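Listed below, chain by chain, are the residues.
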Amino acid sequence: MTLIDSSTLLGDLSIRLDPALTEQLLSEYISQEKRYILREWEPATLDGGQFVEAAARIIYHLDSGNLNRTKGVNDCLSYVEDPTNQNSHSFPERKSAHHLCKVLRTIYKFRSDRGAVHIDPLYTANQLDSRLVIDNSRWVLSELLRIFWSGDRKEVGRAIREILQYEIPVVGRFGNQRLVQRPDCSAEEEILLLLRDSGEDGLSREALGKFVKKTSGRVTQAVQKLEQRRDIIQINESTYRLTDLGAIRVLNELGEKIHLT
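Computed from a predicted model, the values in this text were never measured in an experiment.

(A) Main features of the nonpolar core. If you look at the biggest cluster of nonpolar residues, it comprises 41 residues, and the most contacted ones within it are L25, F91, V140, L141, L145 and F148. Secondary-structure elements contributing two or more residues to this core are α1 (6-13), α2 (19-37), α3 (41-64), α4 (73-81), α5 (94-113), α6 (127-148) and α7 (156-162). It is α3 that contributes the most residues to this core, nine residues altogether. Discounting residues that sit within four places of it in the chain, V140 has contacts with F51, A55, L100, V103 and L104. L193, L194, L203 and V219 belong to the second largest nonpolar core, which has 27 residues in total.

Next up, the structure:
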């Protein structure tokens, strides 16, 4: 099964949604999740505001037919909510549009009331605040994917998880071969980078032995050590994938080695 990366999803969604707003939506969502993984609660909460702005403008555009990449959140959502029924509406699912508006207002109002918009000496960002914003943002994104993504609707959850994958320029794909294109990586690092690149599908033990350019003994030792550290997990008889701990390790320790130079 092909990895669903952000560029693939952007290209697919842009058929029906404005490309610039869609790119902003995905970028802000990915930023929120990465900040949360790194336990940066306040930046993760702040990113929710930009996410809401992009989502509100997308919904307004789809509902009204008017593209406005700078229109305010309240103006966008008020048009869609339309309590006096004065506007024409083109959003495919009217009830879903109302639900989206309610959740977006919740995110926007909450982060404002908590003081996340400005520096406030009385405000201490915490995990629960950040989690509320991220979970609601995840629901908004999944709802937009459900309605507008042309892929398999059963794959919405997988798509959301996989777009969080970093782009891994150092991993080259050459036909059926994959190669970590830096000779300064250890066997463990090559395995982590290859599994990060492979997403939820993971790689078989045979594939790791083929792609990691180290001796078979070193590859076996590295796999065993990574399993002991809970950085990777065997998901069936032959396939390994990265755990959340492994993903954090890639984020924190291998940032410089993700790139070719």
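(B) Layout of the pairing of strand β2 (residues 177-180). Residues R178 and V180 of β2 are buried on one face, while the alternating residues Q177 and L179, pointing to the opposite face, are not. When strand β1 (residues 171-174) meets β2, the two strands line up antiparallel, connected through four bridges. Bridge pairing in β2 places R173 opposite R178. The loop that links β1 with its antiparallel partner β2 comprises two residues; one of these, G175, has a positive phi angle of about 65°.

(C) Spotlight on the confidence of the model for the protein. Confidence in the prediction of the protein, expressed as mean pLDDT, is 87, and 90% of residues score 70 or more. For the protein, per-element mean pLDDT is lowest for α7, which scores 77, and highest for α4, which scores 97.

(D) Up close: the sheet that holds strand β4 (residues 232-234). Taking strand neighbours across the sheet as the criterion, the three strands line up as β3-β5-β4 in an open arrangement whose pairing is antiparallel. Both outer strands of the open sheet, β3 (203-204) and β4, are each paired with one neighbouring strand and no more. Note: β3 against strand β5 (residues 239-242), two bridges, orientation antiparallel. Looking at β5, one finds that S204 is bridged to T239. Running at roughly 100° to β4, helix α10 (residues 216-228) makes contact with β4 and β5 of the sheet.

(E) Main features of α1. When we look at burial in α1, the residues that qualify are L9, D12 and L13. Mapping the buried residues of α1 onto a view down its axis gives an arc of 90°, with all of them on the same face.

(F) Molecular detail of unusual backbone geometry. For D82, which is not a glycine, the phi torsion comes out positive at approximately 45°. On the secondary structure map, D82 appears in the loop between α4 and α5. Looking at D82, the relative accessible area reads 7%, which means it is buried. Although it is not a glycine, R230 adopts a positive phi angle of roughly 65°. If you trace the backbone, R230 turns up in the loop between α10 and β4. R230 gets classed as exposed once you look at its relative accessible area, which sits at 54%.

(G) Main features of the environment of R178. Structurally, R178 can be placed in strand β2. Placed 16 residues apart in sequence, R178 and L194 show a C-alpha to C-alpha distance of 7.9 Å. Not counting the four nearest positions on each side in its chain, R178 is found in contact with V171, G172, R173, L194, D197, S198, L203 and F211.

Calculation rules
Here, residues in each chain are numbered from 1, in the same order as that chain's written sequence. Thresholds applied to this predicted model are a pLDDT of at least 70 for local features of residues and 80 or more for the giving and counting of side-chain atom pairs; totals over whole chains, interfaces and linings are not thresholded and use all residues. Calculation of side-chain values draws on the structure's entire complement of heavy atoms; hydrogens and water are dropped beforehand. Only buried residues count toward a nonpolar core. Its members are Ala, Val, Leu, Ile, Met, Phe, Trp, Tyr and Cys residues joined through side-chain atoms within 4.5 Å. Remark: exposure states derive from per-residue accessible area (1.4 Å probe, protein chains only) relative to the maximum for the residue type, with buried under 20%, exposed over 50%, and partly exposed in between. What counts as a helix is a DSSP run of H or I of at least four residues, what counts as a strand is a run of E of at least two, and both are numbered from the N terminus. The criterion used for residue contact is that any of the two residues' heavy atoms lie within 4.5 Å. Strand pairing is assigned whenever DSSP detects at least two bridges linking the two strands. pLDDT measures how confident the predictor is about each residue, on a scale from 0 to 100. Lines fitted to C-alpha atoms define the axes, with helix axes restricted to the stretch in contact, and inter-axis angles between N-to-C directions lie between 0 and 180 degrees. What the arc describes is the spread of directions from the helix axis to the C-beta atoms.

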